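Take a look at the letters that make up each chain.
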Amino acid sequence: MRPLLFEPITIRDVTLKNRVVVAPMHQYSGIKGFSTDWHLMNAGRYAAGGAGLVIMESTKVERRGCGTVGDIGLWDDSFVPGLKRCADFIRAHNAAPGIQLGHSGRKARRFRPWEGGAPLQPSVGIDDWEAWELVSSSALAAPATDPMPRALTRAEIPEVVERWGQAARRAHAAGFDVLDIHGAHGYLIHQFLSPFANVRNDEYGGSELNRMRFAIEVVESVRAHWPAAKPLFLRLSVEDDSGWGPDQSVTLARIVKPKGVDVIDCSSGGMRGSPVTSAGPVTYGYQVPYAERLRRDADILTMAVGLIVHCDQAEQILREGRADLIALARELLYNPNWPMDAAQKMGIDKDFASVPSPQAYWLAKRAQSVKDVQPSTYMKGLNGA
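Quick summary incoming for the structure in this document. Throughout, residues of each chain are indexed from 1 in the direction in which the sequence is written. The model is predicted, so local features are restricted to residues of pLDDT at least 70 and side-chain atom pairs to those at 80 or more, both for listing and for counting; the totals for chains, interfaces and linings are taken over all residues. In computing side-chain values, all of the structure's heavy atoms are included and hydrogens and water are not.

The next subject is the sheet that holds strand 4 (residues 53-60). Here eight strands make up a closed barrel; going around it, the order is 3-4-5-8-9-10-11-12 and the pairing parallel. When strand polarity is set aside, the average angle formed by the axes of neighbouring strands in this sheet is 25°. With seven bridges connecting them, strand 4 and strand 5 (residues 96-102) associate as parallel partners. From the neighbouring strand, Thr 59 faces strand 5, where its bridge partner is Leu 101. We call two strands paired when DSSP finds no fewer than two bridges between them. In this description a helix means any DSSP run of H or I spanning at least four residues, a strand means any run of E spanning at least two, and both kinds are numbered starting from the N terminus. For helices, the fitted line uses only the C-alpha atoms of the stretch in contact; every axis is such a line through C-alpha atoms, and the angle between N-to-C directions lies from 0 to 180 degrees.

Dropping the structure here:
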């Protein structure tokens, strides 16, 4: 029986060659919003490693949304050529190119994580400090020691929503096939969804539906500028331990599905910290129950992510009907060739046809010449296989 992990899946007019997805991972390596050779290399290695879909990192829809000095953006047409170079390279190596669109809200203007992640201070290296304003759903700092954001005014909200739509237009112009809206991890959309961050008293705050309004309008704006033939994902912190949980996520998923969202990208945490602890200890596949719940109760395709490490583990998630796509992040940092490696361990693709010829030829030749060679990545899977 062919592994489900390597069965193609078609969403709208895009067919992924397998169910392995490279989750969006911040690189914090841009220069004034522009992608660099690092981004080309980083995305390219995953495409060459055999993944079906490579989603580039959270790319900001406006300057205020940048989390660090290293974030990349799509708030201007000038950013398109650099990202098109990445999308074209991904596609040339038989993977679908995807991109995530995001806005950090009150979590903006910080040092990179490996620099400590603390709030930045004005410096000569930041020439647009005033433009890099902290905004959020409400004027609440979290934690309380952080700088206070300014609540977006009622008049500003449609302008921000439209910036998501325009960024989606640019993502299409850059050649991406899949778009993922970042509505999780304590960033701006999540700041509207969560009662912990949203204490507005207008139509964007208060009731659950009011708090969902911003996310719904972003979906509508993005869909208006994103081709109907192309899939749209929405990443949610299905549980944030701060008043937003699976019940609310199911409700939102049911609302946005007919508005054009095809897949819920199921993550958690980010509002009070990450990861969440209410579901128990963080271990292999700890967020998979969220994908399972959304898939069942919202009747929508889901993508599971979070400590999915071994191919037998990924296959079991699919076989049990708990998710439709498997996203990997840090494990791909450890082994960018994970999809190729998984195919070998699962006994398919003996000719290494899933990767580009400069890799496939030499690896197949070695496998034919030395029958008992065991690659360095061969190790016991989650079930001891």
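Time to look at the pattern of salt bridges. Salt bridge, as used here: a side-chain nitrogen of Lys or Arg that lies within 4 Å of a carboxyl oxygen of Asp or Glu. Under the counting rule described, the total for this entry stands at 33 salt bridges. With its nearest N and O atoms 2.7 Å apart, the salt bridge here joins Arg 64 to Glu 62. The exposure class of Arg 64 is buried, given its relative accessible area of 11%. Using a relative accessible area of 5% as the deciding quantity, one classes Glu 62 as buried. A salt bridge links Arg 296 to Asp 297; its shortest N-O distance comes to 2.9 Å. Accessible area is worked out with a 1.4 Å probe on protein chains only. A residue is then buried under 20% of its type maximum, exposed over 50%, and partly exposed in between. For Arg 296, a relative accessible area of 54% corresponds to the exposed category. Counted as one network, the salt bridges with shared partners bring together Glu 62, Arg 64, Glu 133, Arg 150, Glu 156 and Arg 163.

Once that is clear, we can look at the side chain of Ser 104. Structurally, the position occupied by Ser 104 is in the loop between strand 5 and strand 6 (135-136). At 2.9 Å, the side chain of Ser 104 and the backbone oxygen of Gly 65 are in polar contact. Dropping the residues within four chain positions of it, Ser 104 is found in contact with Lys 60, Gly 65, Cys 66, Gly 67, Asp 71, Tyr 187, Leu 188 and Gln 191. A 3.5 Å cut-off defines polar contacts: any pair of N or O atoms within that distance qualifies, except that in protein one atom must be a possible hydrogen donor and the other a possible acceptor, and neighbouring residues in sequence count only when both atoms are side-chain atoms. Whether two residues are in contact is decided by their heavy atoms: any pair within 4.5 Å suffices.

Let us look at the packing of aromatic side chains. The aromatic pairing rule takes the rings of Phe, Tyr and Trp, using the six-membered ring of Trp, and pairs them if the centres are within 6.5 Å, calling planes under 30 degrees apart stacked, those over 60 edge-to-face and the rest tilted. Summed over all chains, the structure comprises six aromatic pairs. Ring centres of Tyr 28 and Trp 114 lie 5.9 Å apart, and the angle between their planes is 75°; this geometry places the pair in the edge-to-face category. Here the residue Tyr 28 occupies a position in the loop between strand 3 (20-22) and helix 1 (37-48), and Trp 114 occupies one in the loop between strand 5 and strand 6, the gap between them amounting to 86 residues. We classify Tyr 28 as buried; its relative accessible area is 16%. Ring centres 4.8 Å apart and planes at 70° place the aromatic pair Trp 75 and Phe 79 in the edge-to-face group.

This brings us to the nonpolar core. Core analysis: the largest hydrophobic core is formed by 83 residues, its most contacted members being Trp 164, Ile 181 and Phe 214. Excluding anything up to four places from it in sequence, Trp 164 contacts Val 61, Leu 101, Gly 102, His 103, Ile 181, His 182, Ile 189, Phe 214, Val 218 and Val 222. For our purposes a nonpolar core is just a set of buried Ala, Val, Leu, Ile, Met, Phe, Trp, Tyr and Cys residues, chained together by side-chain atoms within 4.5 Å.

To estimate how far a helix should reach, multiply one less than its number of residues by 1.5 Å. If you check helix 5 (residues 208-225), its first and last C-alpha atoms are 27 Å apart, about what 18 residues at 1.5 Å a residue would give, namely 26 Å. The angle separating two fitted axes, one through the seven residues that finish at a residue and one through the seven that start at it, defines the bend at that residue. Maximum bend of helix 5: about 35°, positioned at Phe 214. Taken residue by residue, helix 5 has Asn 210, Arg 211, Met 212, Phe 214, Ala 215, Ile 216, Val 218, Val 219, Ser 221, Val 222 and Arg 223 as its buried positions.

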